[in-house]
Amino acid sequence: MAASIIQLLPDHVANQIAAGEVVQRPASVVKELLENAVDAKASDIKLIVKEAGKTLVQVIDNGLGMNTTDARLCFERHATSKIRQAEDLFDLHTKGFRGEALASIAAIAHVEMKTKQDQEELGNLIIIEGSKLIKQDIAVLPKGTSFAVKNLFFNIPARRNFLKSETVEFRHVMDEFQRVAMAHPSISFTLIHNGSELYNLPSSNYRQRIVNIFGGKTNEKLVPVSEETELINITGFVGKPEFAKKSRGEQFFFVNDRYIKSAYLHHAIMSAYDGLLKEGNQPSYFLYLQVPPHTIDINIHPTKTEIKFDDEQSLYAILRSAVKHSLGQFNVAPVLDFERDANLDTPYQYKDKVADFPTIQVDSGFNPFATDKPSKALSSFGSYKKETNTANWESLYVGLKQDTEEIDSLSFESEEVIGKLFEEEALETNANTTYQIHKKYIVSAIKSGMLVIDQGRAHQRVLYEQFLTNITVQKAASQQLLFPLELYFSTDEMQLVQELQPTLENTGFVFDTFNTDSVQISGLPIAMAESEVSIVLEELISNLQNEIPESSFSQSDSIAKSMAKSLAVKTGTYLSEKEQENLVNSLFACKEPNVSPFQKPTFITITVEDLDKRFAI
């Protein structure tokens with residue numbers, strides 16, 4: 001009989017395999033630990049991160065804590081306090097339920113856990129490294145639990161090498177922190193990164209929590225949404241169409257206080273904004289959906305960000321109509337009623353209010369027949385009549401000479417210019433060397449035939465090389481603004497702007513002051529108009545937030561590409577002959593004129609032979 005080849009895996013191997021799904025990056029650890037703290041009924045949660053979580057992720061809460069047995073058992077696979085039987089999966093009121101997270105984290109990091117229950121005098125300290133229990137002891141601790149996860153992926157170097165730069169990884173950590181904080185505004189949250197406090201969010205309501213996270217200017221952008229039905233209760237806010245951005249940053253769905261992603265429900269929001277947005281723009285929304293737990297299935301994805309709904313079509317219709325109704329009732333969406341006077345509309349929040357009687361103030365001491373002079377304050381204004389100047393206007397002209405005769409005798413330069421600055425032959429050769437077609441292409445004649453240049457891509461190449469030179473070699477000149485420009489950003493965007501400040505200053509920006517949610521700009525690159533600044537910076541931030549390669553040159557390259565794309569002349573822009581000529585000359589002065597910064601051809605050559613072949617029928 002042949003030897004059996006199937007065997008059970010040891011626990012530490014099984015935990016590492018599970019960690020591959022549960023813990024993809026430091027942000028995954030942040031999510032799991034924050035959700036555990038929320039499930040422990042904490043009212044104050046602190047997140048401490050070092051080097052974007054690669055060195056340390058620590059979550060401290062004042063929740064229920066654990067006794068000695070639970071403290072050791074929580075690191076076992078499939079050990080959970082959240083469910084008891086299979087039926088509980090369809091009546092979930094907690095964030096976690098699988099019992100995999102802590103076992104997976106302990107398998108690939110150094111974990112130190114301190115926990116104490118309120119009624120106990122002493123707490124428990126446990127240290128685990130790569131699934132091995134190093135220490136378990138009693139200790140004097142405050143109420144609650146502290147999880148410190150150090151040296152993530154210390155025993156899987158390949159996974160550690162696959163992590164992105166600190167900026168990108170911290171962006172993901174920030175995303176997870178914001179999602180949990182927005183879902184639970186009644187809990188106060190603090191985020192500390194590399195010793196500096198980035199967020200200190202007090203206990204508040206949904207609107208205040210959104211404003212505290214995304215900056216004070218967010219308040220004026222929000223339109224409330226509220227709808228109650230048998231299937232779903234919807235509360236939250238959508239952004240006004242005029243504040244829509246090209247990036248898809250501020251878009252949040254929460255189902256039963258759990259952040260989810262849903263392309264289907266996102267489409268419902270987009271259809272509600274139909275006709276209100278510019279092409280390519282994305283609205284902000286922060287929507288909290290409450291549905292009966294038995295109508296959804298959360299257990300379909302390791303990260304629990306995807307949910308299966310029982311009746312998606314009905315939810316789509318309700319969500320779309322609720323958002324459309326809010327945009328209409330707050331006069332955000334235009335109404336085609338030419339007789340309606342908008343000034344006479346009753347604000348929505350005053351619809352059911354009872355009219356108050358005006359208060360009347362009576363001056364009991366007033367006497368119209370009193371002979372006293374008016375008070376000094378009143379008399380200081382003086383008479384209401386304006387003094388008129390009675391001086392004779394003719395006196396202004398006394399003593400002036402009558403110079404009419406002298407003026408008549410003057411001789412002026414003849415208007416006709418006899419000489420010519422350029423020879424006629426030279427003018428003929430230079431005239432009409434370029435033509436613009438459909439406000440998109442520039443055609444230029446060459447000896448072998450003609451060039452057809454894409455004006456947008458050509459300008460991108462010219463600007464890209466110009467910005468790259470400014471960033472890496474020499475600082476660009478800037479145009480000073482008469483009045484400084486103030487731009488508002490969220491806390492994480494402000495941090496990115498501060499990181500990019502030296503690079504942006506080389507391209508021509510001049511920054512005055514940095515506040516928590518705004519920045520003052522007093523100078524701009526010469527090629528940039530004041531109206532383009534916010535668009536360029538928003539696009540730059542969204543491009544860099546997605547992925548930034550490790551090296552600083554690549555970051556400079558990314559900034560140069562982003563700014564060139566934003567500022568390049570667009571299709572449909574008319575160019576004069578001088579501008580066309582300048583663009584063609586600038587393009588062929590570039591190091592790589594053949595392709596745009598995004599590796600697309602900038603021009604094509606059509607030879608005389610090609611044209612001859614076309615006409616040869």
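In case you missed it, the structure is sitting above this.
Residues numbered from 1 in each chain as written. Predicted model: local features only at pLDDT ≥ 70, side-chain atom pairs only at ≥ 80, totals over all residues. Heavy atoms only, no water.

**Details of the overall build of the protein chain**
The helix and strand tally for the protein chain stands at 18 helices and 22 strands. A separation threshold of at least 6 residues defines the contact pool for the protein chain, and within that pool the share at least 24 residues apart is 68%. Here the protein chain displays about 37,400 Å² of accessible surface, and carbon together with sulfur accounts for 53% of that area. (Helix = DSSP H or I, 4+ residues; strand = E, 2+ residues; numbered from the N terminus. Contact = heavy atoms within 4.5 Å. Areas by Shrake-Rupley, 256 points an atom, 1.4 Å probe, with all protein chains shown as cover.)

**Notes on empty space enclosed by the protein**
Inspection of the entire model under this criterion finds two cavities of 30 Å³ or more. The computed volume of the second largest cavity comes to approximately 40 Å³. Its residues assigned to classes, the lining of the second largest cavity shows three nonpolar, three polar and three charged. (1 Å grid on protein atoms, 1.4 Å probe; cavity = no way out; pocket = protein on both sides within 12 Å on 5 of 7 lines; lining within 4 Å. Points joined across faces, edges and corners; volume = space filled by probe spheres on them. Nonpolar A, V, L, I, M, F, W, Y, C, P; charged D, E, K, R; others polar.)

**Some thoughts on helix 13 (residues 455–472)**
With 18 residues, helix 13 should reach 26 Å at 1.5 Å per residue; the first-to-last C-alpha distance of 26 Å fits that figure. Burial of helix 13 is extensive: 13 of the 18 residues sit out of reach of the surface. Between a side-chain oxygen at the N-terminus of helix 13 and the backbone nitrogen of G456 the separation is 3.0 Å; the capping residue is D454. (Expected span 1.5 Å × (residues − 1). Buried < 20%, exposed > 50% of the residue type's maximum accessible area, 1.4 Å probe, protein only. Polar contact = N/O pair within 3.5 Å; in protein donor to acceptor, adjacent residues only side chain to side chain.)

**Topic: the sheet that holds strand 6 (residues 144–150)**
Reading across from one edge, 5-4-3-6-2-1-7-8 is the order of the eight strands in this open sheet, with mixed pairing throughout. Edge positions in the sheet fall to strand 5 (132–139) and strand 8 (196–201), since each of these pairs with one other strand and no more. Across the sheet, the mean angle from the axis of one strand to that of its neighbour is 10°, orientation sign disregarded. Here six bridges tie strand 3 (residues 110–116) to strand 4 (residues 123–129), and the two strands are oriented antiparallel to one another. (Pairing = 2+ DSSP bridges. Axes fitted to C-alpha atoms, helices over the stretch in contact; angles between N-to-C directions.)

**Points about the nonpolar core**
In this structure, L47, F75 and F189 are the most contacted members of the largest nonpolar core, which totals 60 residues. Leave out the neighbours within four places in its chain, and F189 touches L34, V38, I45, F177, V180, A181, H184, Y199, N200, L201 and R209. With 32 residues, the next largest nonpolar core counts L468, L487, F511 and L524 among its residues. (Core = buried A, V, L, I, M, F, W, Y, C linked by side-chain atoms within 4.5 Å.)

**Digging into the pattern of salt bridges**
Counted by the stated rule, this structure contains nine salt bridges. A salt bridge links R179 to E176, with the shortest nitrogen-to-oxygen separation between them at 3.4 Å. Linking R179 with E176, this pair stays in helix 6 (residues 166–183), spanning three residues, or about one helical turn. Overall, the relative accessible area of 15% leaves R179 in the buried class. Relative accessible area serves as the criterion here: at 14%, E176 is assigned to the buried category. Among the salt bridges present, the one from R461 reaches E465, with a minimum N-O distance of 2.8 Å. Placement of the pair is R461 and E465 together in helix 13, with a separation of four residues, close to one helical turn. With respect to burial, R461 and E465 carry one shared label: buried. When salt bridges that share partners are traced, they join E112, K114 and K150 into one network. (Salt bridge = Lys/Arg side-chain N within 4 Å of Asp/Glu carboxyl O.)

**Quick word on the side chain of S146**
One can find S146 in strand 6. A distance of 3.1 Å separates a polar atom in the side chain of S146 from a polar atom in the side chain of Q58. In this view, S146 contacts Q58, V59, I60, E112, M113 and K114; residues no more than four positions away in its chain are not counted.

**Quick word on the packing of helix 13 against helix 17 (residues 577–588)**
At a minimum axis separation of 9 Å, helix 13 and helix 17 run at an interaxial angle of 55°. By the angle between their axes, helix 13 is oblique relative to helix 17. Note that helix 13 runs across helix 17; the crossing there is left-handed. Along the contact surface, helix 13 presents Q455, A458, H459, R461 and V462, while helix 17 presents L583, S586 and L587. Residues that form the contact of helix 13 with helix 17 fall into these classes: four nonpolar, three polar and one charged. (Parallel < 35°, antiparallel > 145°, perpendicular 65-115°, else oblique. Left-handed = near helix turned anticlockwise from the far one by under 90°.)

**Considerations on the packing of aromatic side chains**
Aromatic ring pairs are reported here in terms of the distance separating the ring centres and the angle at which the planes meet. Following the criterion strictly, the structure yields 16 aromatic pairs and no others. Arranged with centres 6.2 Å apart and planes meeting at 5°, the rings of F252 and F254 form a pair that is stacked. Ring centres of F509 and F511 lie 6.0 Å apart, and the angle between their planes is 15°; this geometry places the pair in the stacked category. These aromatic residues form a ring-pair network of at least three members: Y206, F214, F252, F254, Y259, F286 and Y288. A cation over an aromatic ring shows up here: K565 above the ring of F598, its NZ or CZ 5.8 Å from the ring centre. (Phe/Tyr/Trp six-rings, centres within 6.5 Å; stacked < 30°, edge-to-face > 60°. Lys NZ or Arg CZ within 6 Å of the ring centre and 35° of its normal.)

**Re a nonpolar patch on the surface**
Taken together, the side chains of L122, I138 and V140 present a nonpolar region at the surface, about 320 Å² in accessible area. Mapping L122 onto the fold places it in the loop between strand 3 and strand 4. Overall, the relative accessible area of 42% leaves L122 in the partly exposed class. (Patch = residues over 30% accessible without salt bridge, like charges linked within 9 Å, V, L, I, M, F, W, Y side chains within 5 Å.)

**A look at helix 2 (residues 26–39)**
Between its first and last C-alpha, helix 2 extends 20 Å over 14 residues, near the 20 Å set by a 1.5 Å rise per residue. Burial analysis of helix 2 places 13 of its 14 residues in the buried class, which makes it a mostly covered element. Phi turns positive one or two residues past the end of helix 2, at K41, with a value near 60°.

**Topic: unusual backbone geometry**
Among all residues except glycine, the phi angle is most often negative; among peptide bonds, the trans geometry is most common. Its identity as a non-glycine residue notwithstanding, D257 has a phi of 65°, on the positive side. Counting through the fold element by element, D257 comes out in the loop between strand 11 (251–255) and strand 12 (258–260). Judged by its relative accessible area of 22%, D257 falls in the partly exposed class. Positive phi is not limited to glycine here, since Q599 has a value of about 60°. Given a relative accessible area of 57%, Q599 falls into the exposed group.

**As for the side chain of Q178**
As for its placement among the helices and strands, Q178 is situated in helix 6. If we ignore the near neighbours within four places in the chain, the residues touching Q178 are Y199, I213, F214 and D492.

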